[in-house]
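# Results of the structural survey
One-letter residues, chain by chain:
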Amino acid sequence: MIHIIAEIGINHNGDLDIAKQLIDIAKVAGCNSVKFQKRNPDVCVPEHQKSVMRDTPWGKMTYLDYKYRVEFGKKEYDEIDRYCKEKDIQWSASPWDLDSLDFISKYEIPYIKIPSALITNEDLLFAAKRTGKKIIISTGMSTDREIERAIAILKLPGDSSETLRPLTLDEKAKDNFAVLHCNSTYPAPVEDLNLNCIKTLSNKYKCEVGYSGHEYGLTTTVAAACLGASIIERHITLDRTMWGTDQLCSVEPQGLIKLVRDIREMEKALGDGIKKVTEGEQIIREKLRK
């Protein structure tokens, strides 16, 4: 079954009640997991931006203060963990720095998602691998060489952080990672999606491949599943007009319900590829081929 990730990210705007509503929507829609983003603003915000003033729904404040305003801490994540267990849906988060990786690793999460912006951060990749959890990387705005390097790290045995050995492409059984095709434009134009890269990545790396979409529509995401994506990730929101940079390219509740329904129907329709006479056809066959 395709694993569908409802990416909440920071679309909760620092409001735990909104986060819970989004978890509820993901559960009702039939998603397998929800995902957040975790940052240490002191580390992630460049020095020259920290004191820049910004107008926000909570008043005028520095960019650093704004990033802290929308960031969840231990109290909130403890409640998210409890709430997701109550609702029987998995959760995880994308760490944007080593502090955040250490933070989320303390929870029983099914995977660690490395965002496109950080797949060239080798310290983060090595540290994520050492957790022993499944690693999912997005490949937006990345070159072939950058993707190869990241995968070479993820293919290293055990918790090794030694010099990279030659990349062997026939080790699928040993892999505990997945690679998501992605275009990091928000929103991504349809003509730039290049969905055939899903097949390219699968053929080249012989690993699990998925799709992280930032486009407006839903049809292209279903198409990604048809092309072999075993993981589908889309941002979700209560309302695209809400405050936040990711809201506009996110899927609203009714759209998410439709998307999951269409993907599940597509899974059933694809079948096993073995040509046979179905039970329903047998009746017609006996009638028309007497």
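This section reports on the structure supplied with the text. (Residues numbered from 1 in each chain as written. Predicted model: local features only at pLDDT ≥ 70, side-chain atom pairs only at ≥ 80, totals over all residues. Heavy atoms only, no water.)

## Section: the side chain of T220
Note the threshold: Helix and strand definitions follow DSSP, with helices as H or I runs of at least four residues and strands as E runs of at least two, each counted in order from the N terminus. Two N or O atoms count as a polar contact when they lie within 3.5 Å, although within protein this holds only if one can serve as hydrogen donor and the other as acceptor, and sequence-adjacent residues are included solely when both atoms are side-chain atoms. Contact between two residues is taken to exist if any of their heavy atoms lie within 4.5 Å; hydrogens are not considered.
Note on placement: T220 falls in helix 10 (residues 219–226). Among the polar contacts made by the side chain of T220, one reaches the side chain of E215 at a distance of 2.7 Å. For T220, the contacting residues outside a window of four places in its chain are V190, L193, L195 and E215.

## Focus on helix 5 (residues 74–87)
Convention followed: By this rule the span expected of a helix is its residue count minus one, scaled by 1.5 Å. Buried, partly exposed and exposed residues are distinguished by accessible area as a fraction of the type maximum, computed with a 1.4 Å probe on protein chains only: under 20%, between the cut-offs, and over 50%, respectively.
Counted at 1.5 Å a residue, the expected span for helix 5 with its 14 residues is 20 Å, and the 20 Å between its end C-alpha atoms agrees. Regarding helix 5, the residues found buried are Y77, E79, I80, D81, Y83 and C84. The positive-phi residue at the C-terminal boundary of helix 5 is D88, with phi of around 60°.

## Side note on the pattern of salt bridges
Short version of the rule: Salt bridge, as applied in this entry: a Lys or Arg side-chain nitrogen positioned within 4 Å of an Asp or Glu carboxyl oxygen.
By the definition in use, this model includes 19 salt bridges. Where E71 meets K38, a salt bridge forms, and the shortest distance between an N and an O atom there is 3.5 Å. Here E71 is found in the loop between helix 4 (63–69) and helix 5, whereas its partner K38 is found in strand 2 (residues 33–38), with 33 residues between them in sequence. Like E71, the residue K38 is buried in the burial classification. Between R82 and E86 there is a salt bridge, with its nearest N and O atoms 2.7 Å apart. Here R82 pairs with E86, and both are found in helix 5, just 4 residues apart, close to one helical turn. Using a relative accessible area of 38% as the deciding quantity, one classes R82 as partly exposed.

## Brief notes about unusual backbone geometry
The residue after Y186, namely P187, is reached through a cis peptide bond having omega 0°. Structurally, the position occupied by P187 is in the loop between strand 8 (177–182) and helix 9 (197–205). A positive phi angle, near 60°, is found at D88, a position not held by glycine. With respect to the secondary-structure elements, D88 resides in the loop between helix 5 and strand 5 (90–95). The backbone phi angle of M141 is positive, close to 55°, even though this residue is not glycine. Turning to its location among the elements, M141 is positioned in the loop between strand 7 (134–138) and helix 8 (144–154). Exposure remark for M141: the relative accessible area of 60% places this residue in the exposed category.

## Considering the sheet that holds strand 5
Inclusion rule: Two strands qualify as a pair provided DSSP detects at least 2 bridges between them. Every axis in this analysis is a line fitted to C-alpha atoms, fitted for helices over the stretch in contact. Angles between the N-to-C directions lie between 0 and 180 degrees.
Sheet architecture is open: 8 strands sit in the order 5-2-1-10-9-8-7-6, paired in parallel fashion. Strand pairing shows two members of the sheet lacking a second neighbour, strand 5 and strand 6 (111–114), which therefore form its edges. Put simply, the sheet's adjacent strands are angled 25° from each other on average, direction ignored. Across the face of the sheet, helix 10 comes into contact with strand 9 (208–213) and strand 10 (231–235) while running at roughly 165° to strand 10.

## Some details on the nonpolar core
Quick note on the threshold: Here the nonpolar core consists of buried residues drawn from Ala, Val, Leu, Ile, Met, Phe, Trp, Tyr and Cys, with membership extended through side-chain atoms lying within 4.5 Å.
By size, the foremost hydrophobic cluster in this structure holds 68 residues, and its most contacted members are V34, F36, W91, I114 and I137. At 7 residues, helix 1 (residues 16–29) tops the list of elements feeding residues into this core. Beyond its immediate chain neighbours, meaning those up to four positions away, W91 contacts V34, F36, Y77, I80, D81, C84, Y107, I109 and P110. Core analysis: the next-biggest nonpolar cluster, separate from the first, contains 6 residues, I5, I136, A178 and I231 among them.

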